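Residue-level listing of the chains:
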Amino acid sequence: MTIKKMALAAGFAVAATSAFAGGHGLDMSGKTIEFVIPFSESGGSAKWANFYAPLLSEALPGQPTVVVKYMPGAGSTKGANWFQDQTWDDTEGTVIFGSSGSTQFPYLLGDPRVRYEYGDWNVVLASGTGGVAYLPPEEAGMLDGLDATGLAGHDFIWGSQGATRLDLVPLLAWKMLGMNVEPVFGIKGRGDGRLMFERGEANIDYQTSSAYLANVTPLVESGAAVPWMTWGALDDDGNIVRDPTFPDIPSFKEVCEATPACETSGDAWEAWKAFAIAGFPAQKMVFLPKGAPEEAIATFTQAFNDVLARDDFAGISEARLGVYPQMTGKAAQNTLKLGTQVPPSAKAFVQAWLEEAYGVSLK
């Protein structure tokens, strides 16, 4: 099923999971739930969490207050390590956690800073998303249609959360295109990379879909930015196709095919595709802490099902999140597996490339 079809079929996921949920089992009256995001307040995860927070508040029994709390640091590892130390018995439903592809990639790559284990957590929502790369008008003028060869001799500066984060997807894409992109590592969220672009400190950037829709579209409309390519979406056969939220913007695969230096076969392509799949269809997830009882998982699952079943959900979510699947129950659990597993060959290729290109040793 394509991403667009999956998004339109969200109601089926709701129906399939309602039997499991069995209705609300907890009373959250008078409580305040902290929705912890391990990034700064200016990126896509912040937009996603702030979209869901008031809807979740309405849907949970007792209508507790849901507030988004930001805990940036180490490309999200700081917040994830903190959440690993939380338990249901200690928090009693007052803490939930929102992860991202940038949280999954260090886990996948064996980053020694990772002290968290996805198997200990309880997923109650999984959200797919996409990403859009964009350029200043001057650099965009160097493109020859889809052929990016004209960018190869240009020096680019880019704000990055780190080479082992979700940012490795664009880093590897730009390498495959033969570009010279110098990352400035250490920003606390993709929104900080956009701010660097706006201030003229960076001349290339990408944002996940929710942040692009909210914050980059005005730059495009004012002429300060030109959309270049998306990371694409998957069709029924697992092929990279255009992102349904941005059907007029070519995918990286199309740009790669049109650029002589780039190939859509071989080790680099297979590694890029594997991590793109791990990072975007399973890009953002909501977790309860370890030790959460079935009653709690069912209650939060049912609450998200109620959100997805709202008559106005398709309209409000498309405007702020894009056209992507929002999954609960078994679908969310399967998506978690997709986001936390890559083929050993892809992992080995990326580990070797990171060590050669950036001196990052993960072996």
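Description of the structure in this document. Numbering of residues begins from 1 in every chain and follows the order in which that chain's sequence is written. For this predicted model, a pLDDT threshold of at least 70 governs which residues receive local features, and a threshold of 80 or more governs which side-chain atom pairs are given and counted, while totals over whole chains, interfaces and linings are taken from all residues. The basis for the side-chain values is all heavy atoms of the structure; hydrogens and waters are excluded.

**Regarding the sheet that holds strand β4 (residues 122-127)**
- Read from one edge to the other, the open sheet built from six strands follows the order β2-β1-β3-β12-β4-β13, with strand pairing classed as mixed. Here the strands that pair on one side only, and so sit at the sheet edges, are β2 (65-70) and β13 (326-327).
- Of the strand pairs in this sheet, β4 and strand β12 (residues 284-288) are connected by five bridges, and their pairing is antiparallel. Among the inter-strand pairings, A126 is bridged to a residue of β12, identified as M285.
- The strands touched by helix α13 (residues 294-308) within the sheet are β1 (32-37), β3 (95-99), β4, β12 and β13, with β4 carrying the most contacts at an inclination of about 15°. A pair of strands is considered paired only if DSSP assigns at least 2 bridges between the two. Each helix corresponds to a stretch of at least 4 residues labelled H or I by DSSP, and each strand to a stretch of at least 2 residues labelled E; elements are numbered beginning at the N terminus. We call two residues contacting when some pair of their heavy atoms lies within 4.5 Å. Angles here are taken between N-to-C directions and fall from 0 to 180 degrees, while the axes themselves are lines fitted to C-alpha atoms, restricted in helices to the stretch in contact.

**Digging into the pattern of salt bridges**
- When a carboxyl oxygen of Asp or Glu is within 4 Å of a side-chain nitrogen of Lys or Arg, the pair counts as a salt bridge. Enumeration over the complete set of coordinates arrives at 10 salt bridges.
- The closest approach of N and O atoms between E201 and R199, which form a salt bridge, is 3.0 Å.
- A 1.4 Å probe rolled over the protein chains alone gives each residue an accessible area, and that area as a share of the maximum for its type sets the label: buried under 20%, exposed over 50%, partly exposed in between. Given the relative accessible area of 41%, E201 is considered partly exposed.
- Across the pair R242 and E254 runs a salt bridge whose closest N-O atoms are separated by 2.9 Å.

**Section: the packing of helix α3 (residues 44-59) against helix α10 (residues 209-222)**
- Packing of α3 against α10 leaves a shortest axis separation of 7 Å and a crossing angle of 95°. Relative to α10, α3 is oriented roughly perpendicular. Between α3, through G44, K47 and W48, and α10, the contact on the second element is made entirely by S210, A211, A214 and N215.
- Of the residues contributing to the contact of α3 with α10, the split by class is three nonpolar, three polar and one charged. If an angle is under 35 degrees, it is roughly parallel; if it is over 145, roughly antiparallel; if it lies from 65 to 115, roughly perpendicular; otherwise it is oblique. Lys, Arg, Asp and Glu make up the charged group, whereas Ala, Val, Leu, Ile, Met, Phe, Trp, Tyr, Cys and Pro make up the nonpolar group; the residues left over, Gly among them, are polar.

**Thoughts on the state of the cysteines**
- What counts as a disulfide here is a pair of cysteine sulfur atoms lying within 2.5 Å. Applying the stated rule across the entire model yields one disulfide.
- Across the disulfide from C256 sits C262; the S-S distance is 2.0 Å. Sign of the S-S torsion, about -95° for the bond between C256 and C262, identifies this disulfide as left-handed. For the pair formed by C256 and C262, the shared burial category is buried.

**A look at the environment of D85**
- Note on placement: D85 falls in the loop between α4 (77-84) and α5 (88-91).
- Here D85 falls in the exposed class, since its relative accessible area comes to 55%.

**Focus on the packing of aromatic side chains**
- What counts as a ring pair is set by centres within 6.5 Å for rings of Phe, Tyr and Trp (its six-membered ring), and what kind of pair is set by the plane angle: stacked under 30 degrees, edge-to-face over 60, tilted for all other angles. Taken as a whole, this structure holds 30 aromatic pairs when the rule is applied.
- Ring centres of F185 and Y358 lie 5.6 Å apart, and the angle between their planes is 80°; this geometry places the pair in the edge-to-face category. One end of the pair, F185, is in strand β7 (residues 180-185); the other, Y358, is in helix α16 (residues 344-358), with 173 residues separating them in the sequence.
- Classification of Y358 by relative accessible area gives partly exposed; the value is 26%.

**Here's the deal with the nonpolar core**
- Grouping buried Ala, Val, Leu, Ile, Met, Phe, Trp, Tyr and Cys residues that are joined through side-chain atoms within 4.5 Å yields what is termed a nonpolar core. If you look at the biggest cluster of nonpolar residues, it comprises 49 residues, and the most contacted ones within it are L177, W228, W231, F252 and W272.
- If you list the elements that add at least two residues to this core, you get α6 (101-109), β5 (131-135), β6 (155-160), α8 (168-176), β9 (226-230), α11 (252-258), α12 (267-279) and α16.
- In terms of residues, this core owes the most to one element, α12, which gives eight residues.
- In contact with F252, other than residues within four places in its own chain, are A173, M176, L177, M229, T230, W231, C262, W269 and W272.
- Within the second largest apolar cluster, 33 residues are counted, among which are V66, V286, I297 and L321.

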